[in-house]
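Summary of the model geometry
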Amino acid sequence: MLALVLTTTALAWITALPTEWASNELFTVVIVTLGWVALTELDNGLSSAFRGLERFDIPSFVEVPSRFVQITLTAAWVHLQTGALIPIGIAALVTALKVGAKLLLLVIITRRQSHSQQHKRSTTNLLRAELTSNGLFIWMGIFSALLFNAYDRWFVGIEFGPSVLSAYAVCLQLAQLPHAVSAAAGQWLTPWAAKRRD
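Residues numbered from 1 in each chain as written. Predicted model: local features only at pLDDT ≥ 70, side-chain atom pairs only at ≥ 80, totals over all residues. Heavy atoms only, no water.

Comments concerning the nonpolar core
Formed by Leu46, Phe50, Ile58, Val62, Val99, Leu106 and Ile109, the largest nonpolar core amounts to seven residues. Elements supplying a minimum of two residues to this core: helix H2 (25–52), helix H3 (57–78) and helix H4 (85–112). For this core, the element with the most residues is H4, which contributes three residues. Residues in contact with Ile58, not counting those within four places in the same chain, are Phe50, Leu105 and Ile109. (Core = buried A, V, L, I, M, F, W, Y, C linked by side-chain atoms within 4.5 Å. Buried < 20%, exposed > 50% of the residue type's maximum accessible area, 1.4 Å probe, protein only. Helix = DSSP H or I, 4+ residues; strand = E, 2+ residues; numbered from the N terminus. Contact = heavy atoms within 4.5 Å.)

Written out as C-alpha cells, the structure reads:
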C-alpha cells in the first residue's frame, strides 16, 4: 500500500505540474486521502499485532481518545468552511499519531517479553494455513471498505460541491463515534467471552 501511494503520488505530481490541476484543492485532497489510506492500513496492522499478543486493551485505549480528539478538532474547524481538506487532514493527522503511539507501545511490549519463548512448528504451520485460507476474504473486505468509503464522498462532492462535502465529512466523523466506542468495548468483551468457551 505504501509503495502504491508513493508511486501514485510521484506520477500525479509529474503529470499535473504543467497544468492548473496542481494548484487545485482537489489534487491536494487526493494526495492527503492516499496518505490517510496508507496510515489507516498501518494502524490496522498494528492493532492486529496487539491482538496477536493478546493485548486487546491497548487498541481500545488508543482508539477512544484519538476519536474524541478527531471529533473535537473537526467540529472546531467546521464553522470556518475551509473546504474538504481540513476534515481529511485532521483525520490523517490523528491516524498518524495513533500509528506512532501504537508502534511505540508495541516496541515496549515486545522488548519486555522473554526471548526464550519459542513457537512450535505445528503452531506455525497451523497459523500459516489459517491465514492462507482467510487471506482472500480479508483482502476482499479491505477493498470493499475502500470502495464504499470513497464512493459516497466522490458522489456528494460532485453533486453538491465542496462545502456540502465538508459538512458531510463532519457528519460521518460524528456518526463514527458510537461505532468506535462499541468497537472499543468489543476489544474487551470478545476475548472475555472467548476464554469462557473451549
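Read on, since the account is not over.
Overview of the side chain of Ser66
Assignment of secondary structure puts Ser66 in helix H3. Ignoring anything within four residues of it in the chain, the contact list for Ser66 reads Val94 and Lys98.

Re helix H6 (residues 162–194)
With 33 residues, H6 extends 46 Å from end C-alpha to end C-alpha; this agrees with the ideal 48 Å at 1.5 Å per step. Listed as buried for H6 are Leu165, Ser166, Ala169, Val170, Leu172, Gln173, Ala180, Ala184, Gln187 and Pro191. (Expected span 1.5 Å × (residues − 1).)

Details of the environment of Leu177
Mapped onto the elements of the fold, Leu177 is located in helix H6. For Leu177, a relative accessible area of 30% gives the class partly exposed. Sequence separation between Leu177 and Val64 is 113 residues; the distance between their C-alpha atoms is 8.5 Å.

What to know about the packing of H3 against H4
When two helices pack together, their arrangement is given by the angle between the helix axes and the distance between those axes. Interhelical geometry of H3 versus H4 gives an angle of 160° and a closest axis separation of 10 Å. Regarding the angle of H3 to H4, the classification is roughly antiparallel. Pair H3 / H4 crosses with right-handed handedness. Along its contact with H3, which presents Ile58, Pro59, Val62, Glu63, Ser66, Gln70, Leu73, Thr74 and Trp77, the element H4 presents Ile86, Pro87, Ile90, Ala91, Val94, Lys98, Lys102, Leu105 and Ile109. For the contact of H3 with H4, the class distribution of residues is 12 nonpolar, three polar and three charged. (Axes fitted to C-alpha atoms, helices over the stretch in contact; angles between N-to-C directions. Parallel < 35°, antiparallel > 145°, perpendicular 65-115°, else oblique. Left-handed = near helix turned anticlockwise from the far one by under 90°. Nonpolar A, V, L, I, M, F, W, Y, C, P; charged D, E, K, R; others polar.)

Quick notes on H3
Compared with the 32 Å implied by 1.5 Å per residue over 22 residues, the 32 Å span of H3 between its first and last C-alpha is a close match. Restricting attention to buried positions, one finds in H3 the residues Asp57, Ile58, Pro59, Ser60, Val62, Glu63, Ser66, Arg67, Gln70, Ile71 and Thr74.

Some remarks on a nonpolar patch on the surface
Residues Phe68, Val69, Leu73, Trp77 and Leu80 make up a contiguous nonpolar surface patch of about 470 Å² in total accessible area. Position of Leu80 among the secondary structure elements: in the loop between H3 and H4. (Patch = residues over 30% accessible without salt bridge, like charges linked within 9 Å, V, L, I, M, F, W, Y side chains within 5 Å. Areas by Shrake-Rupley, 256 points an atom, 1.4 Å probe, with all protein chains shown as cover. Salt bridge = Lys/Arg side-chain N within 4 Å of Asp/Glu carboxyl O.)

Quick look at the side chain of Lys98
When you line up the elements, Lys98 lands in helix H4. On the basis of relative accessibility, which here comes to 8%, the residue Lys98 falls in the buried class. A polar side-chain atom of Lys98 sits 3.0 Å from a polar atom in the side chain of Glu63. (Polar contact = N/O pair within 3.5 Å; in protein donor to acceptor, adjacent residues only side chain to side chain.)

Fair warning: the whole summary comes from geometry, so function is off the table for now.
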